[in-house]
Amino acid sequence: MTQQTNLGGTFTFPGTSMTVNRMGYGAMQLAGPHVFGPPKDRNAALAVLREAIAAGVNHIDTSDFYGPHVTNQIIKEALHPYPDGLVIVTKVGARRGADASWNPALSRQDLIDAVHDNLRNLALDKLDVVNLRVGGLAGPTKGSIEAPLTVLAELKAQGLIRHLGLSNVTPGQLAEAQKITEIVCIQNLYNVAHRTDDAFLDDLVKQGIAYVPFFPLGGFTPLQSAKLDEAAASLQSTPMQVAQAWLLHRSPNMLLIPGTSSLAHLRENLKAATLKLPPETITSLNAIAAAPKP
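Residues numbered from 1 in each chain as written. Predicted model: local features only at pLDDT ≥ 70, side-chain atom pairs only at ≥ 80, totals over all residues. Heavy atoms only, no water.

Caption draft 1: A look at the packing of helix α8 (residues 239-250) against helix α10 (residues 279-286). The contact between α8 and α10 brings their axes to 11 Å, and the two run at 95°. Between α8 and α10, the angle is such that the two are roughly perpendicular. Touching V242, W246 and H249 of α8 are I282, L285 and N286, all from α10. Looking at the contact of α8 with α10 residue by residue, the class counts come to four nonpolar, two polar and no charged. (Axes fitted to C-alpha atoms, helices over the stretch in contact; angles between N-to-C directions. Helix = DSSP H or I, 4+ residues; strand = E, 2+ residues; numbered from the N terminus. Parallel < 35°, antiparallel > 145°, perpendicular 65-115°, else oblique. Contact = heavy atoms within 4.5 Å. Nonpolar A, V, L, I, M, F, W, Y, C, P; charged D, E, K, R; others polar.)

Structural data, given as structure tokens:
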């Protein structure tokens, strides 16, 4: 069993008593190919979750549209009754088509149904954090999020949700959201090469709001990947470990949720929390975002 004592330090969600280790776990890959249907090896999926918790992970990111339903059902089977201190964050705002497509689901009834699906499949009476997923596949889209967020705020008032977050949004949409309800986390695309959110992230640090990046290796050019490979080789680690260590170094409100269905990859990801980046490596990685395309 993995023995891990350092998971990147801790972070407390603003206005809450929820303190989590900064290295968490994203459950998306527990479903089948393309995040659709059951996994090839359910027992392996159960084992990954149980080892993550044994190693000290206390922040799991999931959604009932992963599968759909499959991922949450596996989490319930592996971990319920849940250990004290475990924070499960889920998201709503999409649904899966029969062809495995990802479709917006932001109507009032869509959101109510999604919250109840998450509650049922996780066997919970109240969800710790629910992220409203908006925007498109290419990133956030402009427009008001008042209508869907108001629905979730009502469900929060009813006692079905403790706290709310946002996924795939702009700073303006966060400002709009904060007029409706408190927001404890933002989940956007961000990594060492894709840093559109730099100014947004710095503002969130000041507000004490968690930032949860997805696609830690997404959108790299060959040259950027080569620079990351060089850094990894110099540290006798993997590119993913270096990318994650850089994120943890980037800001104190950064919470990582790397996902895997492999015990070996889980252990690699957890070790990233202990990787110390020399100043010269940090300087080199900071320059990746500005690297010209070949």
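Okay, back to it.
Caption draft 2: Fine view of the layout of surface pockets. Approximately 1,100 Å³ is the volume found for the largest pocket. In this structure, the largest pocket is lined by 43 residues; those nearest its centre are M28, L189, F214, F215 and P216. For the lining of the largest pocket, the elements supplying multiple residues, two or more each, are α8 and α9 (263-271). The residue inventory of the lining of the largest pocket, partitioned by class, reads 21 nonpolar, 17 polar and five charged. (1 Å grid on protein atoms, 1.4 Å probe; cavity = no way out; pocket = protein on both sides within 12 Å on 5 of 7 lines; lining within 4 Å. Points joined across faces, edges and corners; volume = space filled by probe spheres on them.)

Caption draft 3: Representation of the pattern of salt bridges within the structure. Scanning all chains against the criterion turns up ten salt bridges. Note that R42 and E77 form a salt bridge whose closest N and O atoms lie 2.8 Å from each other. A residue pair is termed long-range when its members are at least 10 positions apart, and R42 in helix α1 (residues 42-54) and E77 in helix α2 (residues 70-79) qualify at 35 residues. For D61, the salt bridge is made with K91, and the minimal N-O distance between the two is 3.1 Å. Placement of the pair is D61 in strand β4 (residues 59-61) and K91 in strand β5 (residues 87-92), with a sequence separation of 30 residues. Across the pair, K91 and D61 agree in class, each one buried. What emerges from the salt-bridge pattern is a single network uniting R195, D198, D202 and R250. (Salt bridge = Lys/Arg side-chain N within 4 Å of Asp/Glu carboxyl O. Buried < 20%, exposed > 50% of the residue type's maximum accessible area, 1.4 Å probe, protein only.)

Caption draft 4: Geometry of the packing of aromatic side chains. Under the defined criterion, the tally for this structure stands at seven aromatic pairs. Measuring from centroid to centroid gives 5.5 Å for F65 and Y66, while their planes differ by 90°, and the two rings are edge-to-face. One exposure class covers both F65 and Y66, and it is buried. Ring centres of Y190 and Y211 lie 5.7 Å apart, and the angle between their planes is 80°; this geometry places the pair in the edge-to-face category. You can see Y190 sitting in the loop between β10 (183-187) and α6 (198-207) and its partner Y211 sitting in strand β11 (residues 210-211), a full 21 residues away along the chain. The same class applies to Y190 as to Y211, namely buried. Taken together, the ring pairs in this structure connect F65, Y66 and W102 into an aromatic cluster. R96 extends its terminal NZ or CZ atom over the ring of W102, reaching a point 3.7 Å from the ring centre. (Phe/Tyr/Trp six-rings, centres within 6.5 Å; stacked < 30°, edge-to-face > 60°. Lys NZ or Arg CZ within 6 Å of the ring centre and 35° of its normal.)

No statement about biological role is implied by the geometric values presented.
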